[in-house]
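# Breakdown of the fold
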Amino acid sequence: MPTEPLPQPSVASPEVIEIERALTRVTYLSTRARAHDRLMAIAGIPLDRAAVAVLRQVADSEPRRPGELAQRLGVEASHVTRTVQQLQKAGYVTRVPDPDDRRAQRIQLTEAGRAAVGRIRDAGARGLQLALGDWDREDLGRLAALFHRMADDFLSYAADEESEQSGQALRA
C-alpha cells in the first residue's frame, strides 16, 4: 500500500521569508569553521563543532540517554555515540546508570565538562555582547524570549514530523 504524501505547506508570508533569510545569515556566520575555531581558542577548549553541540545539550538537559540527545539535536544516534566517546575520553562527560532502566545509561557532565561549557558559553556571550552592545535591555529580552519560543516550536514540529513519518512507515 503506497504511503500518502505529506501535505504541502501553504505559501510563506513575507515575514516568514524574511525570518528564514535572517536565520540563514546568522547560521552561516555562527557555524563557519573560522568562527568556531576562534570561539574555541578564546574558551581554551580543543573540541570540534559536533562535540560542542553535544556538550551544550548535555549541560542543558542532563542526564539523558544518547538516543534522547540525538533526537534533541536532530542527528543520528550513532553520531552522538561517537561524539560522547570522544567527550568521555577527554574527561568532559561520564556514563551513569539510568534510574528507570539499569540496563541503559545516561550521559552526565563531569566537573571538567561543566567548566568547559561555562568557558564556551562565556566566550560566546562576550562575542554576542560586543555585537549587540547597542541594543537596549528590553529588545534583548524580547529577542531572547522569541528565540527560545522559536527553538521550542522547531523541536515540536520536528517531533510531530518524525511521528508522522513513523506512522506512515508502519502503515506501509
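## Points about the overall build of the chain
When its secondary structure is counted, the chain shows seven helices and two strands. Each helix and strand of the chain, ordered N terminal to C terminal, gives the series α-α-α-α-α-β-β-α-α. Within the span of the chain, comprising 172 residues, buried residues form 22% of the whole. Total accessible area computed for the chain in this model is approximately 12,400 Å², and 55% of it derives from carbon and sulfur atoms.

## Some remarks on the packing of helix H3 (residues 49-61) against helix H5 (residues 77-89)
Contact pair H3 / H5: the axes reach a minimum separation of 9 Å and the direction vectors enclose 90 degrees. The angle between the axes of H3 and H5 places the two elements in the roughly perpendicular class. Mapping the contact onto sequence places Ala50, Ala51, Val54 and Leu55 in H3 and His79, Thr83, Val84, Gln86 and Leu87 in H5. A class-by-class count of the residues in the contact of H3 with H5 yields six nonpolar, three polar and no charged.

## Describing the side chain of His36
Within the secondary structure, His36 sits in helix H2 (residues 33-43). Judged by its relative accessible area of 10%, His36 falls in the buried class. Of note is the side chain of His36, whose polar atom sits 2.7 Å from the backbone oxygen of Leu47. Apart from the residues within four sequence positions on either side, His36 is in contact with Leu47, Asp48, Arg49 and Val52.

## Description of the nonpolar core
Counting 23 residues, the largest nonpolar core has Ile45, Leu47, Leu55, Leu87, Tyr92, Val93 and Ile120 as the members making the most contacts within it. Where this core is concerned, the elements lending two or more residues are H2, H3, helix H4 (66-73), H5, strand S2 (101-109) and helix H6 (111-131). With five residues, H3 is the largest single contributor of residues to this core. What Leu87 contacts, discounting residues up to four positions off in sequence, is Leu47, Ala51, Val54, Leu55, Tyr92 and Val93.

## What to know about the pairing of S2
The side chains of a regular strand alternate, residue by residue, between the two faces of the sheet. As paired strands, strand S1 (residues 93-98) and S2 are joined by six bridges and run antiparallel to one another. Paired with Arg95 across the two strands is Ile107, which belongs to S2. Hairpin remark: S1 followed by S2, antiparallel, with two residues in the connecting loop.

## Some points on the packing of H4 against H5
It is at 8 Å that the axes of H4 and H5 come closest, and there the two elements cross at 115 degrees. As far as their axial angle goes, H5 and H4 are roughly perpendicular. In this structure, the crossing between H4 and H5 has a hand that is right-handed. Each of Pro66, Leu69, Ala70 and Leu73 in H4 lies in contact with H5, whose residues at this interface are Ala77, Val80 and Thr81. Class assignment of the residues belonging to the contact of H4 with H5 gives a composition of six nonpolar, one polar and no charged.

Conventions and cut-offs
- Residues numbered from 1 in each chain as written.
- Predicted model: local features only at pLDDT ≥ 70, side-chain atom pairs only at ≥ 80, totals over all residues.
- Heavy atoms only, no water.
- Helix = DSSP H or I, 4+ residues; strand = E, 2+ residues; numbered from the N terminus.
- Buried < 20%, exposed > 50% of the residue type's maximum accessible area, 1.4 Å probe, protein only.
- Areas by Shrake-Rupley, 256 points an atom, 1.4 Å probe, with all protein chains shown as cover.
- Axes fitted to C-alpha atoms, helices over the stretch in contact; angles between N-to-C directions.
- Parallel < 35°, antiparallel > 145°, perpendicular 65-115°, else oblique.
- Contact = heavy atoms within 4.5 Å.
- Nonpolar A, V, L, I, M, F, W, Y, C, P; charged D, E, K, R; others polar.
- Polar contact = N/O pair within 3.5 Å; in protein donor to acceptor, adjacent residues only side chain to side chain.
- Core = buried A, V, L, I, M, F, W, Y, C linked by side-chain atoms within 4.5 Å.
- Pairing = 2+ DSSP bridges.
- Left-handed = near helix turned anticlockwise from the far one by under 90°.

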